[in-house]
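Examination of the molecular architecture
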Amino acid sequence: MAAALENLHIVDFSRILAGPFATMLLGDLGATVTKIERPGVGDDTRSWGPPYDDSNEATYFQSINRNKTSVTIDLASSDGIEMALKMATHADVVVENFRPGVMDKLGLGYEVLRELNPGLVYCSITGFGRDGGSHLRGYDLLLQAVGGLMSITGQAGGEPQKVGVALVDVLAGLYSTVGILSAVRFREASGLGQRVEVDLLSSLLGSLVNEGAAFTSGGVIPTRKGNAHPGIAPCDLIPTADRELAVAVATDSQFAALCESVRAQELVDDPRFETNSARVDNRLLLRNILIDKLRDRTATEWADDLATAGVPAAAVNNIPAAFDTAEQLGLAPIVQVARSDGTVVNLPRNPISLSKTPPTYRMAPPSLQPEQHPLSIS
């Protein structure tokens, strides 16, 4: 089967999450990815457990490192630098997320490599850019704090909360993937490589979408509203007989259908709720009414009835139930990737579907090589 990126060769110096996530996505689409790791230690996430799988591998590492081979290179040695330089000279793409300036000190910076390889696409991922924030550490929790995400996450009046996964790293990985593919497309037309730079703070700010524009364009400072939406109502979690139900009503017709389903038709013509703006202004009162209406049935029962009526609603799942829901919908959310010993590792599926060049799952996340790996590169 043809792969969209089957002739793309990537040398991946990145570790932790943002860079490895980007290179895994590219590997899923057919790119050949060689992961550079420290002898004896490897990527930091190899030790980020528990949890571990049945082969005693940290599941964090496995989640972002399939479809790669791994070589161990000591970048503190002249032999290691020579090896890395040779690999980068023959690569289509280099990805790195060291602190700004580290690759330059190693002799592997963009200016050096582009002289040796003019078509090279060189992607650098940093926490806060190469200038004033070059000394700052790019840990996701810090980014969620300084980037404002925690200020709008959590209950109103409660303490700031982080999102449940390292979302800023994931976003930066996605932006890096887009940047790399754009640069590769330009090289196809011009023969010229270029530098791709993505920083985590800009990735977060660019992903604040409506809440970011509320400030930049509207002069409004967004605040924590719990699970409520800042601009539509009802859009919140409503407790039911067994667990919470997510209800996201975006139009007047959906609100009318909701009112009919919960036997509260009188709310449709109530001036406090007859428009979305009115519902936003009176969201707490409306939520209390809905709590009273939904308390006697389960979230699943309500979700089924409301979905039939055309009202966006869903029971709040835990992670196993989320994967089960996707399975029931035919989305095949889990893929099995074979290890060299014939066993398999179960991983979340790449969500991209392509009719002619779909993602493939050729290699399980690689084991760490025991010592500096010798390479033969022509």
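All of the points below concern the structure found in this document.

Conventions adopted
Residues numbered from 1 in each chain as written. Predicted model: local features only at pLDDT ≥ 70, side-chain atom pairs only at ≥ 80, totals over all residues. Heavy atoms only, no water. Helix = DSSP H or I, 4+ residues; strand = E, 2+ residues; numbered from the N terminus. Buried < 20%, exposed > 50% of the residue type's maximum accessible area, 1.4 Å probe, protein only. Areas by Shrake-Rupley, 256 points an atom, 1.4 Å probe, with all protein chains shown as cover. Lys, Arg positive; Asp, Glu negative; His and termini not counted. Charge placed at Lys NZ, Arg CZ, Asp CG, Glu CD. Phe/Tyr/Trp six-rings, centres within 6.5 Å; stacked < 30°, edge-to-face > 60°. Lys NZ or Arg CZ within 6 Å of the ring centre and 35° of its normal. Core = buried A, V, L, I, M, F, W, Y, C linked by side-chain atoms within 4.5 Å. Contact = heavy atoms within 4.5 Å. Pairing = 2+ DSSP bridges. Salt bridge = Lys/Arg side-chain N within 4 Å of Asp/Glu carboxyl O. Patch = residues over 30% accessible without salt bridge, like charges linked within 9 Å, V, L, I, M, F, W, Y side chains within 5 Å. Axes fitted to C-alpha atoms, helices over the stretch in contact; angles between N-to-C directions.

Description of the overall build of the chain
- Assigned secondary structure in the chain consists of 14 helices and 11 strands.
- Judged by the C-alpha coordinates and their principal axes, the chain covers about 75 × 50 × 40 Å.
- Here the chain holds 378 residues, and the buried ones make up 42% of them.
- Carbon and sulfur atoms make up 55% of the accessible area of the chain, which amounts to about 19,300 Å² in all.
- Side chains of the chain give 31 positive and 44 negative charges; the mean places of these two sets differ by 2 Å.

Quick word on the packing of aromatic side chains
- With the rule as written, the count across this model stands at 2 aromatic pairs.
- Centre to centre, the rings of Trp48 and Tyr60 are 5.1 Å apart; their planes meet at 85°, and the pair counts as edge-to-face. Residue Trp48 is located in the loop between β2 (32–37) and α2 (59–62), and its partner Tyr60 is located in helix α2; the two are separated by 12 residues in the primary sequence.
- Judged by its relative accessible area of 28%, Tyr60 is partly exposed.
- Arg279 extends its terminal NZ or CZ atom over the ring of Phe255, reaching a point 4.4 Å from the ring centre.
- Across the ring face of Trp302, the terminal group of Arg297 is positioned such that the distance to the ring centre comes to 4.8 Å.

Comments concerning the nonpolar core
- Of all hydrophobic cores here, the largest spans 27 residues; its most connected members are Leu8, Ile10, Ala31, Val93, Val95 and Ile180.
- Those elements that place two or more of their residues in this core are α1 (18–28), β4 (93–96), β5 (121–126), α7 (167–190), β6 (194–199) and α8 (200–206).
- With 5 residues, α7 is the single largest residue contributor to this core.
- Leaving out residues up to four positions away in the same chain, Val95 has contacts with Ile10, Val11, Asp12, Phe13, Ser14, Gly19, Thr23, Cys123, Ile125 and Ile180.
- Counting residues in hydrophobic clusters, the runner-up holds 23 residues, among them Val249, Ala257, Ala303 and Val311.

Describing the pairing of β5
- Counted residue by residue, β5 has 6 buried out of 6 residues, so it is predominantly covered.
- On β5, burial covers both faces: Val121, Cys123 and Ile125 on one face and Tyr122, Ser124 and Thr126 on the other are all buried.
- Bridging between β4 and β5 involves 4 bridges; their strand directions are parallel. Directly across from Glu96, in β5, lies its bridge partner Ser124.
- Inspection of the sheet shows β5 paired to β6 by 6 bridges, in the parallel sense. Of the residues in β6, the one forming a bridge with Ser124 is Glu197.

A short note on the pattern of salt bridges
- Scanning the model with the defined rule gives 18 salt bridges in all.
- A salt bridge links Asp44 to Arg38, with the shortest nitrogen-to-oxygen separation between them at 3.5 Å.
- With a relative accessible area of 27%, Asp44 lands in the partly exposed category.
- We note a salt bridge from Arg297 to Asp305, for which the minimum N-O separation is 2.7 Å.
- What makes Arg297 partly exposed here is its relative accessible area of 28%.
- Using a relative accessible area of 37% as the deciding quantity, one classes Asp305 as partly exposed.
- Among the charged side chains, a salt-bridge network with shared partners connects Asp53, Asp54 and Arg339.

Focus on a nonpolar patch on the surface
- Together, Ile319, Phe323 and Ile334 make up a nonpolar patch on the protein surface, roughly 280 Å² of accessible area in all.
- A relative accessible area of 59% means that Ile319 is categorised as exposed.

Focus: the sheet that holds strand β7 (residues 235–239)
- Across the sheet, 3 strands lie side by side as β7-β8-β9; this open sheet has antiparallel pairing. The outermost strands of the open sheet, each flanked by one partner alone, are β7 and β9 (313–315). Taking each pair of neighbouring strands and ignoring which way they run, the sheet shows an average axis angle of 20°.
- Across the sheet, helix α13 (residues 299–308) lies against β8 (244–248) and β9, angled at about 155° from β9, the strand it touches most.

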